[in-house]
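# A look at the structure
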Amino acid sequence: MKKLHRDSHVETLVVRITGRVQGVGFRIAAVRHAHMLGITGWVRNADDGSVEALLQGPHDQVDRMLSWLHMGPPAARVQEVASQEEITERYFDRFEQI
């Protein structure tokens, strides 16, 4: 596990996306979009039918990814996106589907 430097300008958010977000290519589209923006972290399906993600990166890129999550891929129907800042020393070096 890599650790973040105390003075890094990296933001980490935990996000839950609800609606029709499973079975519509949401996770793979999220991975592609995160790679395009340079975001690290992960995305996964939750047992309750939602999608969970951890986003890590500079504030502007994390904000752009959060905006994309409100829409998702074309087949998705996002109802709500809830996020909260996560305090962590862990540094992710890529974005992946887990």
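Residues numbered from 1 in each chain as written. Predicted model: local features only at pLDDT ≥ 70, side-chain atom pairs only at ≥ 80, totals over all residues. Heavy atoms only, no water.

### Thoughts on the UniProt feature "active site" (unreviewed entry) in the protein
The positions that UniProt labels "active site" (unreviewed entry) are, in the present scheme, Arg27 and Asn45. A maximum C-alpha distance of 7.8 Å places the annotated residues, which cover 19 residues in sequence, within one compact spot. In this structure, Arg27 sits in helix H1 (residues 26-37). Exposure remark for Arg27: the relative accessible area of 24% places this residue in the partly exposed category. Relative to the assigned elements, Asn45 resides in strand E3 (residues 40-45). You can call Asn45 partly exposed: its relative accessible area is 30%. Apart from the residues within four sequence positions on either side, Asn45 is in contact with Gln22, Arg27, Ser50 and Val51. Polar contacts involving the side chain of Asn45 include one to the side chain of Arg27, which spans 3.3 Å. (UniProt positions renumbered as here; feature names shortened; annotations may be inferred. Helix = DSSP H or I, 4+ residues; strand = E, 2+ residues; numbered from the N terminus. Buried < 20%, exposed > 50% of the residue type's maximum accessible area, 1.4 Å probe, protein only. Contact = heavy atoms within 4.5 Å. Polar contact = N/O pair within 3.5 Å; in protein donor to acceptor, adjacent residues only side chain to side chain.)

### Here's the deal with the UniProt feature "domain: Acylphosphatase-like" (unreviewed entry) in the protein
Per the UniProt entry, the sites bearing "domain: Acylphosphatase-like" (unreviewed entry) are residues 12-98 in this numbering. As annotated, residues 12-98 has a helix share of 26% and a strand share of 41%, and its two end C-alpha atoms lie 17 Å apart.

### What to know about the packing of H1 against helix H2 (residues 59-69)
Between H1 and H2, the least distance of the axes is 10 Å, while the angle of their chain directions is 155°. Our classification of the angle between H1 and H2 gives roughly antiparallel. In the crossing of H1 with H2, the sense of the turn from one axis to the other is right-handed. Taken together, the residues of H2 that come into contact with H1 (itself represented by Phe26, Ala29, Ala30, His33, Ala34 and Leu37) are Gln61, Arg64, Met65, Trp68 and Leu69. The class makeup of the residues in the contact of H1 with H2 is eight nonpolar, two polar and one charged. (Axes fitted to C-alpha atoms, helices over the stretch in contact; angles between N-to-C directions. Parallel < 35°, antiparallel > 145°, perpendicular 65-115°, else oblique. Left-handed = near helix turned anticlockwise from the far one by under 90°. Nonpolar A, V, L, I, M, F, W, Y, C, P; charged D, E, K, R; others polar.)

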